[in-house]
Amino acid sequence: MRLLSRGMPRTHLAISLLAGFLLAQATGARQDADSPPGTPATSEEPLDLPFAFDGPPPPVPPATMTRDDSGRATVRAVRLATPLRIDGRLDEVLYDTVPPISDFLQVEPQPGAPATDKTDVWITFDETTVFVSLRCWQDPDRIAANDMRRDAYSQDDYFDIALDTFFDGRNAAVFTAYASGGRFDAQITDERQMNVDWNPVWDLRVGRFDGGWTAEAAIPFRSLRYRPGRAQIWGINLQRYTQWKNESSTLSRLPPALGPMGIMQMSLAGPLVGLEVPPASRNLEIKPYLVADMVSDRLADPEVSNDVDADIGIDIKYGLSQNLTADFTYNTDFAQVEADQQQVDLTRFSLFFPEKRDFFLENQGTFGFGGAETGIFATSFDTPILFYSRRIGLHEGRAVPIEGGARLTGRTGRYTLGLLDIQSEDEALSGARATNFGVVRLKRDILRRSSVGVIYTRRSVALNGDGRNDAYGVDGTFAFFENLTFNTYWAQTRTPELEGDDASYRLQMDYNGDRYGVQLERLRVGGHFNPEIGFVRRHDMRRSFGQFRFSPRPAASKLVRKYSWTGSMAYIENGAGLVETRDGAVGFGIEFHNSDRVQLTYARTYEFLPWPFPIAPDITLAVGGYEFDYLQGSLNLGQHRRVSGSFLFEYGDFYSGRKTSFGWGFGRVNVTPQFALEPSVSLNQVDLPQGEFAVELVDMRVIYTMTPRMFVIALLQYDAESRGLAANVRLRWEYRPGSELFVVYNEQRDTLGQGFPGLNNSALIVKVTRLFQR
């Protein structure tokens, strides 16, 4: 329901807002001259609201929050007469005169109970910036502060700020403050997709006091998109997480089934009132770059030695309106992107690698289709992805030059729009031809939390070189109550010489309650379904899937937080009705109060190989059906520990033989607050009648952080099969907000020879960017 505030005619509302603005300017001008930083405006008159809303009534000054019986909170932002000094100390007069937002409610371990530690928050603003200040009370000796890097998946205590700037209950910008001074930011789309590589300009400082830690964040209005109009109502939720207690608490109550990721559920957030934003501007950002490199390649013919090159390019962002943003890129460069991490593949299907390039990551969720999971929380990739941006600028493992491109994204009313056009150039070594890539995505919000949409993708030169490739589809996401979601789509492709059986559809139901969970899915992928700027892991299949979960919470246990029993079955046929995969599994897990977890799973699998499968050099599995079972156990050590990660052990049948596996994933060793190691180990021993082989991958990420804006990361990778050793070392320094210096060194070595591993190729790259705003 969207109405003008009661008793306020439209003309009077406009006059009141204008008068309030002029009065604030006049009083602000006087106070700026005499008042110290962070002084609240003297006027405490309640602001008129641009429309009515569901939720607790707006707080009456001097109060800053109200809460209803359901646990939903409405909070009030306070205007400042002078800007806040961002230093993390919380020593301005504001913190003595304005009541804080407080009384957080637990999500875990006691849902709905008051948080065990006090949290005080102030939300303020001036003409250019919205400020969020917080004081987190806890035992100072228990504060977890281990990683200062920006965008790190830190093991620190942290505080989330989720802002639904369009007040649509679906999308949000999330800003996270870590106790170490690190920060994290992300875009939330439709309450389910999180783009963690969005990097807006904002500032953060943290501090300490006798009773815990503090933080002050400054988020410029120009870093956000919101509705037209000076007076605003946004959605907001705040979340605090304390590592040693494994306790999460929020301002507006969230159901425990959502866990810490419940911050994405903006339909459960409360209103933020009292904000007045600056007049709309065109918001132009220009970001040129200069890159220089020195390359050696001893495997090239002729050999390349210390070849020096340099180049320039530019990215431009232009706000067509407060809701729509156009991005332009010329001579696009991705030299600073971290190398892909190796993966073990003992299947006959393609591996999925995540996108890491900045231009394609921003607003990535806008182009999501059919409920397919593509982000860091994805667990299955059987669902086709119609737009997979790694098809652009990469071919046969080599980088393809991108001449330039444009993108338009944003919202208008209940519609979300995404347009993308990219032109790539020829690349001789991989055989890539100059190609134009286009994507159109339109989505409309319906009901409270549901949407329907269409997508169209085009590749001007098909991969087979004959004509072009097109894909198009319609999809819908229908969300009911707190935990019930339906995802569905239908899509079709057109490719020369691939006619018929070129469609795909999906219907999925997901009920994700705290005590019970049910997921049912029917997926069909045609044998000629071929989105060439998408990703299809498996063609020609009809997949039926069901999963059931029972997760009780013991009432009086001081050790266990939750038990979990699960059972699942996947049944896959090809288009001719032949069963190719049948995979059943049962599992039992325990989650402890200290955040450690154990899981035991028994699985029985049937796999039919329709053609010979070369699983390893000199070892090929014959056509036929194979039935095998195995046992898998895992131990997840909580992030509060100095050594953490997921330890996995698996033993059992594997096709016609046996397999033993050990792994350490998401590993972390905190040496000091500035120095950490992130190991990843995968050891697999396979014994088959045709022979035996081992697949061993060892990765080590070494991290040293000088300041929250400067760090060095070295990714070292070893593959036992190829005996290859690779290194990717990156220095990143954000020398001013939005402007960065990168120094990157890449090399690959061969360990087959005698002595120290011989160098195959290397590259030293220096790249500098500079952000200009107006």
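Residues numbered from 1 in each chain as written. Predicted model: local features only at pLDDT ≥ 70, side-chain atom pairs only at ≥ 80, totals over all residues. Heavy atoms only, no water.

A. Representation of the side chain of Asp 156 in the model. Tracing the backbone shows Asp 156 in the loop between strand E6 (129-137) and strand E7 (158-164). In this structure the side chain of Asp 156 is engaged in a polar contact, spanning 2.4 Å, whose partner is the backbone nitrogen of Asn 146. Other than its neighbours up to four places away in sequence, Asp 156 contacts Ala 144, Ala 145, Asn 146, Asp 147, Tyr 178, Ala 179, Ser 180 and Gln 243. (Helix = DSSP H or I, 4+ residues; strand = E, 2+ residues; numbered from the N terminus. Polar contact = N/O pair within 3.5 Å; in protein donor to acceptor, adjacent residues only side chain to side chain. Contact = heavy atoms within 4.5 Å.)

B. Local environment of the packing of aromatic side chains. One pass over the full model with this rule turns up 28 aromatic pairs. Ring geometry for Phe 480 versus Phe 486: centroids 6.3 Å apart, planes at 70 degrees, classification edge-to-face. Classification of Phe 480 as partly exposed rests on a relative accessible area of 32%. The class of Phe 486 is partly exposed, set by a relative accessible area of 27%. The rings of Tyr 516, Phe 550, Tyr 563, Trp 565 and Phe 588 are connected pair by pair, giving a single aromatic cluster. Its end group placed over the ring of Trp 202, Arg 183 keeps NZ or CZ at 5.5 Å from the ring centre. The aromatic ring of Phe 772 is capped on one face by Arg 770, whose charged end is 4.6 Å from the ring centroid. (Phe/Tyr/Trp six-rings, centres within 6.5 Å; stacked < 30°, edge-to-face > 60°. Buried < 20%, exposed > 50% of the residue type's maximum accessible area, 1.4 Å probe, protein only. Lys NZ or Arg CZ within 6 Å of the ring centre and 35° of its normal.)

C. Inspection of the sheet that holds strand E12 (residues 212-220) at higher detail. With mixed pairing, the 5 strands of this open sheet are ordered in space as E3-E5-E6-E12-E11. Edge strands, defined here as strands with exactly one partner in the open sheet, are strand E3 (78-79) and strand E11 (203-209). Across 7 bridges, the pairing between strand E5 (residues 119-125) and E6 is antiparallel. By the bridge assignment, Thr 124 is partnered in E6 with Phe 131. (Pairing = 2+ DSSP bridges.)

D. Just the pattern of salt bridges, in detail. Summed over all chains, the structure comprises 55 salt bridges. Note that Lys 118 and Asp 120 form a salt bridge whose closest N and O atoms lie 3.8 Å from each other. Note that Arg 709 is salt-bridged to Asp 203, the shortest N-O span being 3.2 Å. Of this pair, Arg 709 sits in the loop between strand E39 (691-707) and strand E40 (710-719) while Asp 203 sits in strand E11; the two residues are 506 residues apart in sequence, bridging distant segments of the chain. Among the charged side chains, a salt-bridge network with shared partners connects Arg 150, Arg 183, Asp 185, Asp 203, Arg 205, Arg 709 and Glu 734. (Salt bridge = Lys/Arg side-chain N within 4 Å of Asp/Glu carboxyl O.)

E. Spatial organisation of the side chain of Thr 366. As for its position among the elements, Thr 366 is in the loop between helix H3 (358-361) and strand E19 (394-395). Setting aside residues up to four positions removed in sequence, Thr 366 forms contacts with Thr 189, Thr 416, Leu 417, Gly 418 and Arg 441.

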